[in-house]
Amino acid sequence: MPSNTLSPPVPAAVLCGLAGWVPPRVVTNDELAERLDTDDTWIRTRTGIRRRHVAEPGQATSDLAVEAGRLALRSAGTDSADAVIVTTTTPDRPCPATAPVVATRLGLAGAAAFDVGAVCTGFVYGLATAAGLIASGVARRVLLIGADTYSTIVDPLDRTNAIIFGDGAGAIVLRAGHADEPGAVGHFDLGSDGAHEDLITVAAGGSRQRSTGGEPTRAERHFAMRGKEVYRHAVTRMAASARTTLAAAGWKTDDVDHFVPHQANLRILHSVADDLDLPRERCVANIDAVGNTGAASIPLALADAVARQRIRAGDRLLLTAFGGGLTWGSCLMTWPEPAPHL
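Residues numbered from 1 in each chain as written. Predicted model: local features only at pLDDT ≥ 70, side-chain atom pairs only at ≥ 80, totals over all residues. Heavy atoms only, no water.

*Asks:* Even after reading the chapter, I still don't get helix 2 (residues 40-47), so can you show me in this structure?
*Replies:* Note that an α-helix has 3.6 residues per turn; residues three or four places apart therefore point the same way. Sitting at the amino-terminal end of helix 2 is Asp-39, which places a side-chain oxygen 3.2 Å from the backbone nitrogen of Thr-41. With its phi angle positive at about 80 degrees, Gly-48 sits one or two positions after the end of helix 2. (Polar contact = N/O pair within 3.5 Å; in protein donor to acceptor, adjacent residues only side chain to side chain. Helix = DSSP H or I, 4+ residues; strand = E, 2+ residues; numbered from the N terminus.)

Laid out in structure tokens, this is it:
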């Protein structure tokens, strides 16, 4: 006979911890101008960036991830997690994943740990993955870290890309909760288009290049991006993804208190906001101080905005990202109360 017992509600992922960490070393536009054919005004006009943080020699992505992860756990008032996800384009090694060593260094040995690779969309993809682990009952608490050391893959003599990227890590802690409570993460949109894989790439180091034999060229060993085409795709894909997510939730643009995009380039951020008819002042940006930090950019922007008391309990947030692959994604959330302590 059919049972009249109601199924328990599916648990939702609720934000309860947040932190960001960047290496102490600061590289200003003037310092870059000493080795590149550029100047501070040119860089700021085209990117909105004044400075960026760069890892010291010997400092790896896992080192940044551990710092951010430790602070996020402290913010959440816990020292445990059932799963650790690291989203990165610059893992310590091609094999193994970076997450297990991060988990062990944080005292979380035994927890599920794995990497997510979606380039600059990595944090949103990781957020959806973490929410899925919680919804399925596999985990009650997840530590999600976005961390990248682009200084290890960008050619320091590449005038186009060396001015854009910085190193950093941002982390959040998610716990099992209810979909209607503040801090709950939901209404995702994720997408990809591999037909444009060559727009953002590091050609060497993977099985495609290694299977051909021979030594890679300097250009193949470093990050490459076809900027004009990426700009066009980024604005189009981010805006479309944001609209899809808003529609799924029944939100209007006016319902969004803060637009938190991947910190790719200030002109891209403003173009997406304009496309969505969102006032630019609602766009959360810290790219001027840290540059484009890849998968770390959204949590770093969140941590910065919270530290400046720009985001407050009950505020409604739209997160949107775009990266190589091509990949893109968006999600919505309402900021929790009490807010995570930084």
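That shown, we press on.
*Asks:* Explain the pairing of strand 1 (residues 12-21) to me, please; I cannot follow it from the model alone.
*Replies:* Along any regular strand the residues' side chains alternate between the sheet's two faces. With nine of its ten residues buried, strand 1 lies for the most part within the structure. As paired elements, strand 1 and strand 7 (residues 167-177) share nine bridges and run antiparallel to each other. In the sheet register, Val-14 faces strand 7, and the bridge partner there is Arg-175. (Buried < 20%, exposed > 50% of the residue type's maximum accessible area, 1.4 Å probe, protein only. Pairing = 2+ DSSP bridges.)

*Asks:* Explain empty space enclosed by the protein to me, please; I cannot follow it from the model alone.
*Replies:* Any space left empty among the atoms is revealed by the rolling of a water-sized probe across them. Throughout the structure, instances matching the rule amount to one cavity of 30 Å³ or more. Its boundaries defined by the atoms lining it, the largest cavity holds a volume of some 50 Å³. Looking at the largest cavity, the residues that line it are Leu-15, Leu-18, Phe-123, Leu-127, Ile-172, Val-185, Leu-302, Leu-319, Met-333 and Trp-335. Only strand 1 and helix 5 (122-136) provide two or more residues apiece to the lining of the largest cavity. When its residues are assigned to classes, the lining of the largest cavity shows ten nonpolar, no polar and no charged. (1 Å grid on protein atoms, 1.4 Å probe; cavity = no way out; pocket = protein on both sides within 12 Å on 5 of 7 lines; lining within 4 Å. Points joined across faces, edges and corners; volume = space filled by probe spheres on them. Nonpolar A, V, L, I, M, F, W, Y, C, P; charged D, E, K, R; others polar.)

*Asks:* For this particular structure, what's the right way to read the environment of Val-235?
*Replies:* Mapped onto the elements, Val-235 comes out in helix 8 (residues 227-249). Accessibility expressed as a relative area gives 11% for Val-235, which makes it buried. Each C-alpha atom of the pair Val-235 and Cys-331 lies 16 Å from the other, and the pair is 96 residues apart in sequence.

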